[in-house]
Structures are given as C-alpha cells and as structure tokens.
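# Geometric and topological summary
Spelled out, the chains give:
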Amino acid sequence: MELEIVRSAVGFLDAGEDFALATIIHTSGSSPRHGGTSMLVRADGSIVGTIGGGALEAHAIREALNVLQTRATRVVDFVLTPEDSAGLGMICGGQGAVLIEPMSASDDRARDLWQTLTRLLGEGGKGWLITTIKGSQEKGWDIARAITESRHAVPDKPRDRGDGSLVHVHPIGMDGTAYVFGAGHCGAKLIPALDIAGFRTVIIDDRADFANRERFPTADEVVVLDSLEHGVDRLGVDADSYLVIVTRGHVFDQAVLAQALRTDACYIGMIGSRKKVATILGALRAQGFSDADIARVYAPIGLPIGGETPGEIAISITAQMVQVRAQVRGA
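Heads up: these notes are all about the structure in this document. The structure presented is a predicted model; accordingly, all values stated were derived computationally and were not measured.

## Topic: the pattern of salt bridges
Summed over all chains, the structure comprises 13 salt bridges. Note that aspartate 14 is salt-bridged to arginine 111, the shortest N-O span being 3.0 Å. With aspartate 14 in helix α1 (residues 3-14) and arginine 111 in helix α3 (residues 108-122), the pair connects residues that are 97 residues apart, well separated along the chain. The salt bridge involving glutamate 221 is made with arginine 200; its shortest N-O contact spans 3.0 Å. With glutamate 221 in strand β12 (residues 221-224) and arginine 200 in strand β11 (residues 200-205), the pair connects residues that are 21 residues apart, well separated along the chain. A relative accessible area of 32% places glutamate 221 in the partly exposed class. Note on arginine 200: relative accessible area 12%, which makes it buried.

Below, the structure written as structure tokens:
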C-alpha cells in the first residue's frame, strides 16, 4: 500500500470526511494491477491512488459511491474480457475481485488502523495487513482487520479458512526503501521520482546545507552524516533496500560503494562514466572484494535511455529500480 494513500486516509479522517477503500483482493490471468492494490474514493467521486484505470476503475468507483451511501461492505467480482456481461469492455483477459469498504471518520477502529499504517510506513517498518472476510454477498460482509509485523511467508491472495470466510494477506512496507547518497542535482531530481514510484526515500549527504527539508520536502527521511566514509551500517539497510550512489566525486562514490557491498541491499547502483566505474571497481578488487561482489553493482547506473540532464538521469535510475523491484517480487 502506497504511503500517499495512507497519509491521505488519515487526513480525510482527521478532517471528518468519510471515504471508501477499494482493494483488489484477487486476480488471475492478465490484470492491470496486482492483488493488494488500493485506492480511496471520496463522496464526490474523486480518488487517491488507482487500481488500474479504465472501465474497471470506473465500475469500482460507482460501487464505492453506493457503499458510502449504504455503509455496507461489498466484494465485487470483475472479468476483463470483451465478452464480459458486466460491460467493462476491457481486453486484458483477467478476472478477480475488489473489496470495497466504507471508512467512517466517527469510527475509532478505522482511525487506529490508518494511524498504525502511517507510523509503520513512515518509520520504514514492515508487516502484513490481514483482512478476514466473513459472510456472503447476500448477507453482507463482516470485515475484521489486523496489523502484524510478522514476516511469515503467506500467499498474497484470499485463503479459504474452511468456515465460509476468506483471509486476505497483504505485505505492508515492502515496496522498498531507496537510500540516495548525494544531495546534489541528481539527488534533488531523483527523490521526487522515486516517491512517485512508491519507494520510501532517504536522502543522505555530509553537507547539511544540501541535505535538508527545504531542498527535499518529499523525502521520508533526511540524514546528514559526519562523513560519507562511514555510517552506512547505521542506516538499517536490509534486503528490501535500494542504494543509489550519486555523490559529488569519485572518492566519495568509492567510499560509499565499499560500505554498500557489505550490506544485503537488493540493488546497488553508482553513477559515472565507464572509465570512472572501471577505475573504482578495480580499486575495490584491490581491496579484496570478489567478482561476485562487483557483479552486484549497477554501473553505469540506470537504463540506457540516452539522457544526460539530472532529470533524465533520475528517470533512467528510477526505471531501473522499478525493473529490479518487479524481478524481486516475482522471485
């Protein structure tokens, strides 16, 4: 679940505004978004987030407006084929179900849920959002939700409990944290792009006049190190971390890269020309890093789109990170 959605939900509830939460709880075949994808629907029909756009999303919005009127949770099945009798008119060829729930500003349970999600995501925490769906369409659905920080491997689709109810388990905070080393021009363009792509973002530098809230208002965290030559081990880097090295010079790039290779990060990328990259990687080999270590580095960083401005470089890096994240999810 995207942090934008969670923050918006808390803002609506704090303002006394009710809304509906629409979540894809199951898909099969070709579908525009995966299970767990959510969007918020307000009483005026405006939305935050997306479950795939097109006719499917329009259908879900109409159902959400009904849910806001009736205050009754619904599960809506969908089929995305030209032959679909519901008239969605999409050719993806997939099918699935959308859970639509009313969220009331007067419901303390709803407020507690969204505040817990905000805290978890804002702090870079990880967990599971577990939704139990009891009953039937005819009788109405009884929804029970829980947050757990367990990392047990469970499928991200509804599971039949054998008692007529379903349990949907959705990972929270596992879209990855992007640690960007270097608060210069590239870092300034990269943080907003990564935010749009759904990464939790951390900007890091040893210069407080560069790494600050004024320059990086959308960053989830701003870190000023005493020196870029140490401190990576204190950042909480794990296997869901993406490290981007775009500092102001090759000496700092090399120092950060040496530290990065000692972490479990799933992505390590470093900016630079092929000559610079070869020089730095050669120096790291001389320090004892293996070929397997060196092979972890995406350098030169980013997809080869031919860009050269900071904005274009940020787009190419973000695209590569999204690509790697998709591979990690599919593993």
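Next comes the rest of the description.
## Description of the sheet that holds β11
Ordered in space as β12-β11-β10-β13-β14-β15, the six strands form an open sheet in which the pairing is parallel. Two strands close off the open sheet at either side, each with one partner strand: β12 and β15 (297-298). Both strand β10 (residues 177-181) and β11 contribute to a ladder of five bridges, which runs parallel. Paired with alanine 178 across the strands is threonine 201, a residue of β11.

## Considering the nonpolar core
Of all hydrophobic cores here, the largest spans 27 residues; its most connected members are Tyr179, Phe181, Ile204, Leu243, Leu257, Ile268 and Leu284. The set of elements that each furnish at least two residues to this core consists of β10, β11, β13 (241-245), α5 (250-260), β14 (267-270) and α6 (274-286). Of all hydrophobic cores here, the second largest spans 23 residues; its members include Ala211, Phe216, Val246 and Ile317.

## What to know about the packing of α1 against α3
Two elements in contact, α1 and α3, have axes whose closest approach is 9 Å; the angle formed by their N-to-C orientations is 140 degrees. The chirality of how α1 crosses α3 is left-handed. Here α1 contributes Leu3, Ile5, Val6, Ala9, Val10, Leu13 and Asp14 to the contact with α3, which in turn contributes Ala110, Arg111, Trp114, Gln115, Leu117, Thr118, Leu121 and Gly122. The residue inventory of the contact of α1 with α3, partitioned by class, reads ten nonpolar, three polar and two charged.

Definitions and limits used
- Residues numbered from 1 in each chain as written.
- Predicted model: local features only at pLDDT ≥ 70, side-chain atom pairs only at ≥ 80, totals over all residues.
- Heavy atoms only, no water.
- Salt bridge = Lys/Arg side-chain N within 4 Å of Asp/Glu carboxyl O.
- Helix = DSSP H or I, 4+ residues; strand = E, 2+ residues; numbered from the N terminus.
- Buried < 20%, exposed > 50% of the residue type's maximum accessible area, 1.4 Å probe, protein only.
- Pairing = 2+ DSSP bridges.
- Core = buried A, V, L, I, M, F, W, Y, C linked by side-chain atoms within 4.5 Å.
- Axes fitted to C-alpha atoms, helices over the stretch in contact; angles between N-to-C directions.
- Left-handed = near helix turned anticlockwise from the far one by under 90°.
- Contact = heavy atoms within 4.5 Å.
- Nonpolar A, V, L, I, M, F, W, Y, C, P; charged D, E, K, R; others polar.

What is shown is where atoms sit, not what they do.
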